[in-house]
Amino acid sequence: MAASPAGSTMDAQARFGHSVKGLLTEKVTSCGTDVIALTKQVLRGSRSAEFLGQAARNMVMQEDAILHSEDSLRKMAIITTHLQYQQEAIQRK
């Protein structure tokens, strides 16, 4: 029995439909994979920003400690000078 033209058209449409569904499934899977990769990259970037922020806060704390140390050294230099003057005064007596 020969296939009717209407039957072969239906078969071709069915094959085309399956082909399109297969391509669509591949594209959806590919897009899903891309979204996951993008999400991971955004999260990595977010963590990098957190690390940079923490580093900046640590640097500010270190700067404050350095300024405090500088001030303490300046005061110690003044005290040392005063002690030297007192020592010289005692030695002259």
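Rules behind the numbers
- Residues numbered from 1 in each chain as written.
- Predicted model: local features only at pLDDT ≥ 70, side-chain atom pairs only at ≥ 80, totals over all residues.
- Heavy atoms only, no water.
- Helix = DSSP H or I, 4+ residues; strand = E, 2+ residues; numbered from the N terminus.
- Buried < 20%, exposed > 50% of the residue type's maximum accessible area, 1.4 Å probe, protein only.
- Areas by Shrake-Rupley, 256 points an atom, 1.4 Å probe, with all protein chains shown as cover.
- Salt bridge = Lys/Arg side-chain N within 4 Å of Asp/Glu carboxyl O.

A. Representation of the overall build of the protein chain in the model. Summing up its helical and strand segments, the protein chain has one helix and zero strands in all. Relative to its full complement of 93 residues, the protein chain shows a buried share of 0%. Carbon and sulfur atoms make up 66% of the accessible area of the protein chain, which totals about 8600 Å².

B. Molecular detail of the pattern of salt bridges. Under the defined criterion, the tally for this structure stands at four salt bridges. Arginine 74 is the salt-bridge partner of aspartate 71, the closest N and O atoms lying 3.6 Å from each other. With aspartate 71 and arginine 74 both in helix α1 (residues 5–92) and three residues apart, the pair spans about one turn of that helix. Residue aspartate 71 pairs with lysine 75 through a salt bridge whose shortest N-O separation is 3.4 Å. Remark: lysine 75 and aspartate 71 occur in helix α1; sequence separation between them is four residues, near one turn of the helix. Three or more residues are tied together by salt bridges with common partners; here these are Glu70, Asp71, Arg74 and Lys75.

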